[in-house]
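Below, each chain spelled out in residue letters.
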2 protein chains.
Amino acid sequence: MKKFINKVNDVLVESLSGFAMAHQDIVQLHLDPHFVVRANKASNKVALISGGGSGHEPLHAGFVGYGMLDAACPGHVFTSPSPDQMLAAAEAVDAGKGVLFIVKNYAGDVMNFEMAAEMLSVPNATVLTSDDVAVENSTWTSGRRGVAGTVIVEKVVGSLAETGADLAACKALGDKVNQRTGSMGVALTSCTVPAAGRATFDIGDNELEMGVGIHGEPGRRREAMRPADAIVADLVAAILHDLKPAAGAEVLLMVNGFAATPLMELYLLYHSAEKLLKAQGLIVSRSLVGNYTTALDMAGASITLCLLDDEIKQHWDSPVHTAGLRRGC
Amino acid sequence: MKKFINKVNDVLVESLSGFAMAHQDIVQLHLDPHFVVRANKASNKVALISGGGSGHEPLHAGFVGYGMLDAACPGHVFTSPSPDQMLAAAEAVDAGKGVLFIVKNYAGDVMNFEMAAEMLSVPNATVLTSDDVAVENSTWTSGRRGVAGTVIVEKVVGSLAETGADLAACKALGDKVNQRTGSMGVALTSCTVPAAGRATFDIGDNELEMGVGIHGEPGRRREAMRPADAIVADLVAAILHDLKPAAGAEVLLMVNGFAATPLMELYLLYHSAEKLLKAQGLIVSRSLVGNYTTALDMAGASITLCLLDDEIKQHWDSPVHTAGLRRGC
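Thresholds applied
- Residues numbered from 1 in each chain as written.
- Chains lettered and ligands numbered in written order.
- Predicted model: local features only at pLDDT ≥ 70, side-chain atom pairs only at ≥ 80, totals over all residues.
- Heavy atoms only, no water.
- Phe/Tyr/Trp six-rings, centres within 6.5 Å; stacked < 30°, edge-to-face > 60°.
- Helix = DSSP H or I, 4+ residues; strand = E, 2+ residues; numbered from the N terminus.
- Lys NZ or Arg CZ within 6 Å of the ring centre and 35° of its normal.
- Polar contact = N/O pair within 3.5 Å; in protein donor to acceptor, adjacent residues only side chain to side chain.
- Core = buried A, V, L, I, M, F, W, Y, C linked by side-chain atoms within 4.5 Å.
- Buried < 20%, exposed > 50% of the residue type's maximum accessible area, 1.4 Å probe, protein only.
- Contact = heavy atoms within 4.5 Å.
- Buried area = accessible area lost by both parts, 1.4 Å probe.
- Salt bridge = Lys/Arg side-chain N within 4 Å of Asp/Glu carboxyl O.

A. Here's a closer look at the packing of aromatic side chains. If you walk through the whole model with that rule in mind, you get 5 aromatic pairs over all chains. Aromatic side chains Phe19 of chain A and Tyr267 of chain B sit 5.2 Å apart centroid to centroid with 90° between the ring planes, which places their arrangement in the edge-to-face category. Of this pair, Phe19 of chain A sits in helix α1 (residues 11-22) while Tyr267 of chain B sits in helix α7 (residues 263-279), placing the two residues on different chains. Of note, Arg327 of chain B hangs over the ring of Trp316 of chain B, and the distance from its end group to the ring centre comes to 5.3 Å.

The structure is reproduced here in structure tokens:
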């Protein structure tokens, strides 16, 4: 294992501290327990809180800021944050209109966020993201995994929350976006958890894992390496099979890197996917390409489609000011 | 070699096409010869053009847009663009106030940009970037290599050009920023050029290359893997030895990923570097962390310091609207 770290036990705090130092105009870090809030607390809005195991950066702390999250609770690498983190974060950012938790569907996260929700004295609700169409049930999940589509949920609901919308409206929009969003990933290499010190799974020099999870969970099948167009065709087909868009539907196309795949290849995947979608009569009117929901140091990528409507487009296009996504601010 | 590609010969065009499709609000791609311009041509300003071999994305096409470049000329992977690309780009973006070429100091780039400059009928000047303090002369360079500091030059001069400043003023600021900027990188793995199909250099499982170039050129020395703090201490010491900042000087600290290093580790490096600089009495008042000048699929990172003054700060902080860097737009 070659990583830029000091002691394995210090990785999280040192990385979060660097993040907070580099973006002190946007975020503030609390260390006991760990959570990240906006540098300037928002008022008169539903407070949006997300979190989960670390190793998926910029998700979630990188999306704290105007137009997206109010707080993020980072757990240790690939480990759920604890309820005390979520409670402390909720108390810090509650602005009198309730708290909405945005939680990726992994057993540990779901359990701990539920526990926090029960203990919390202010009105709250939860949006569970489950956009990964690859598999039902997986290493750490009952049902479908929440993956890169979570970024779209956070952006769109984050925008609505800034308008002063109430808790029920924010939850409803989050659920709607999740239902209209599908993702599927492919790995070319494993990732390596620092504390484990070795690859999470073995994969041959000419193999890929179709439908891999963002923690290296198994996907649908192991295959021989293929041209990008063939890989994209299978990913897109799986997502469209799930989303069943109407003819001529308008979509957001996201190509997300798992960390070790160069931007040059991500744009090549984007080209392949957009051509394919257009050939099927879909309108690709919004895009996002880059490393937004990563899997430590994995080489690989995922494709996400979101079926747009006027409400989702309006909130996708609105200003946002976070470390990981910035526009109009 | 596992990469998301189709045919090796199509990588550049497919990737550029995906880039242009994903960012059609910002850029427009020309294919014969290859160059990228702003979607909306600017008027009444010096036209800024950069370029170089591909494989360093988002550099340079990702920095075409308001507040930075007017055009970028991408060569094939790690190969200089040709004079006809530069001429065509210059003719497309010239707005009557002359053309400034921003060129990283590699023999092929320098030669071809010089040729284009001689053939160009409009007033022009060149800023040569040479911020890599690691070595004098290298595989493709006489003198010092231009690396991640080029992003700072493009951002700062790009901002000045938007004010309507003349060619001489833009060139002078570019030269000043280059002189006040130093970088040094470290590789944990090689990169793999698609057409070669194998690693550019061999490196052991417990080795790193201090001072590596962004094409995998040799650095200062091969070493055994060390803790991040020790690596950062050597990189920062080398840069400070070169820049010789005054006591209490204000700096921009950039931690740049070479592509395969996760954001989590880049922020850990940032934390280490900022602590060290503060301990030496320097003021770190601006930051940039992420993959901005990459080396195909290399795992590694570089640190860049820029000695700030009021003029540089003003132009660093100004709005910018590109695919790779966006703020205030």
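B. Geometry of the side chain of Glu209 of chain A. All names here are of chain A. Its place among the elements puts Glu209 in strand β9 (residues 207-210). At 2.7 Å, the side chain of Glu209 and the backbone nitrogen of Gly219 are in polar contact. In this structure the side chain of Glu209 is engaged in a polar contact, spanning 2.6 Å, whose partner is the side chain of Arg222.

C. Highlighting the nonpolar core. Residues Leu100 and Ile303 of chain A together with Leu100, Leu277 and Ile303 of chain B are the most contacted members of the largest nonpolar core, which totals 203 residues. If we skip the residues at most four places from it in the chain, Leu100 of chain B touches Val46, Ala47, Leu48, Ile49, Ala125, Thr126, Val127, Val157, Leu167, Cys170 and Lys171 of chain B.

D. Structural view of the interface of chain B and chain A. Opposite the 59 residues of chain B that make contact, chain A presents 59 residues. It is Lys2, Phe4 and Met264 of chain B that lose the most area in chain B upon contact with chain A, and together they represent 22% of the buried surface on that side. Among the salt bridges present, the one from Lys3 of chain A reaches Glu265 of chain B, with a minimum N-O distance of 4.0 Å. Looking at the side of chain B that touches chain A, the element that brings in the most residues is α7 of chain B, giving 11 residues.

E. Seen up close, helix α8 (residues 310-317) of chain B. All names here are of chain B. Among all positions of α8, only Ile312, Lys313, His315 and Trp316 are buried. Check the buried side of α8 and you find it contacts α4 (149-162), α5 (167-179), β11 (250-257), β12 (283-290), β13 (300-307) and β15 (326-327). You can read the cap of α8 off the contacts: a side-chain oxygen lies 3.1 Å from the backbone nitrogen of Glu311, and it is on Asp309.

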